[in-house]
Amino acid sequence: MGKISLKPYNDYCPQTLFLYGTYDENGNPDFGLFCWFTYLWDGEMGAMCCIGGEKTTLENIRRSRVFSANLVTEELLPAADHLGSVSGRDPEKMKIPLEIGKGEVLEVPVLERSPVNFELEVTDFITKHDGTVMLCKIRNVLQEESLSSGESAEQKLRRIAPVKTTCHHYFSYEGKDLGAWGEPRKKLSEGAR
Ligand SMILES: Cc1cc2nc3c(=O)[nH]c(=O)nc-3n(C[C@H](O)[C@H](O)[C@H](O)COP(=O)(O)O)c2cc1C
């Protein structure tokens, strides 16, 4: 197989998308869209993620050390695309329709329409020149009840339809192109963008 060498790059390596939920210092929820999220092992499963630069999500996590990671599904994609395109510093950002609840174990906002919500507590902040890696304990996983049914994993995944991203596009669980970054949010009503 012929190969070409490239600079640091991750096209064709699809990543699962999560919306991270945090509270600001006044208790208002903020959600941002993230894909640099994976798992670690330290006697039990944990999570690790990277936030590039300075973002509202990171400021809120530094203060509280806790956040939620909410699996993004096709149903949530227009809102997720918006939350990944607009900075938390924009006071209009969170003025879109979202059903926001609370974690069971940690003081974190969670998305009711997301079928899997991780409640995460940061144990280590690894601060680099222009990015921060966070190692986290998974304090709780909230999972939609129907995912405990007798269906196969394949049937459940088709039903909840998690979204992946690569090449600056969103892809369905089955590989269909769901649009370039910035496109799905156009489905939100005019007033909500
Ligand atoms: C598809 C997609 C994936 C993203 N993944 C990340 C990520 O893993 N890490 C990161 O630092 N920013 C990521 N971003 C950018 C943030 O979502 C964006 O900066 C957002 O405005 C942050 O929200 P906040 O300002 O409320 O924290 C991503 C954006 C998109 C569209």
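Located above this text is the structure these notes cover.
Residue numbers here run from 1 along each chain, matching the order of that chain's written sequence. The predicted origin of the model limits local features to residues at a pLDDT of at least 70 and limits the giving and counting of side-chain atom pairs to 80 or more, whereas totals for whole chains, interfaces and linings rest on all residues. With hydrogens and water stripped out, all remaining heavy atoms of the structure feed into the side-chain values.

Description of the site of the ligand
Note the cut-off: The criterion for a residue being near a molecule or strand is simple. One of its heavy atoms has to lie within 4 Å of it. We call two N or O atoms a polar contact when they sit within 3.5 Å, provided that within protein one can donate a hydrogen and the other can accept it, with sequence-adjacent residues counted only if both atoms are side-chain atoms. Only DSSP runs of H or I with at least four residues qualify as helices, and only runs of E with at least two residues qualify as strands; both kinds are numbered from the N terminus onward.
Taken together, 21 residues sit near the ligand, with Asp30, Leu33, Lys55, Thr57 and Gly88 positioned nearest. Within the backbone of cysteine 35, an N or O atom sits 3.0 Å from an oxygen atom of the ligand. The separation between a nitrogen atom of the ligand and a polar main-chain atom of cysteine 50 is 3.4 Å. Looking at the shell around the ligand, the elements with two or more residues in it are β3 (29-34), β5 (45-52), α1 (56-64) and α2 (77-85). The element best represented in the shell around the ligand is β3, accounting for four residues.

A closer look at the nonpolar core
Convention followed: Here the nonpolar core consists of buried residues drawn from Ala, Val, Leu, Ile, Met, Phe, Trp, Tyr and Cys, with membership extended through side-chain atoms lying within 4.5 Å. Classification of residues uses two cut-offs on accessible area relative to the type maximum, computed with a 1.4 Å probe and protein chains only: under 20% is buried, over 50% is exposed, and between them is partly exposed. Contact between two residues is taken to exist if any of their heavy atoms lie within 4.5 Å; hydrogens are not considered.
Judged by nonpolar contacts, the single largest core of 21 residues is most densely connected at Tyr20, Phe37, Phe67, Phe118, Leu120, Met134 and Cys136. Secondary-structure elements contributing two or more residues to this core are β2 (18-23), β5, α1, β6 (66-71), β9 (116-127) and β10 (131-143). Of the residues forming this core, the biggest block, four residues, is contributed by β9. Each residue touching phenylalanine 37, except ones within four places of it in the same chain, is listed here: Phe18, Tyr20, Ala47, Met48, Cys49, Ala69, Phe118 and Leu120. Counting residues in hydrophobic clusters, the runner-up holds 17 residues, among them Leu17, Cys35, Ala80 and Leu98.

As for α2
The buried fraction of α2 amounts to seven of the nine residues, a majority that puts the element mostly inside the structure. Among the residues making up α2, those that are buried are Leu77, Pro78, Ala79, Ala80, Asp81, His82 and Leu83. At its buried positions, α2 is contacted by β2, β3, β12 (169-171) and β13 (177-180).

Describing the environment of alanine 180
As for its placement among the helices and strands, alanine 180 is situated in strand β13. When the C-alpha positions of alanine 180 and threonine 166 are compared, they lie 9.6 Å apart, and in sequence the two are 14 residues distant. Sequence-distant contacts of alanine 180, that is, excluding residues within four places in its chain, are made with His168, His169 and Tyr170.

A few points about the side chain of aspartate 30
Inclusion rule: His is not counted, nor are the chain ends; Lys and Arg add positive charge and Asp and Glu add negative charge. One speaks of a salt bridge when a side-chain nitrogen belonging to Lys or Arg is within 4 Å of a carboxyl oxygen belonging to Asp or Glu.
When you line up the elements, aspartate 30 lands in strand β3. As a buried residue without a salt bridge, aspartate 30 has its nearest oppositely charged side chain in lysine 93, at a separation of 4.3 Å. For aspartate 30, the contacting residues outside a window of four places in its chain are Tyr20, Gly21, Thr22, Thr56, Thr57, Asn60, Gly88, Lys93 and Met94.

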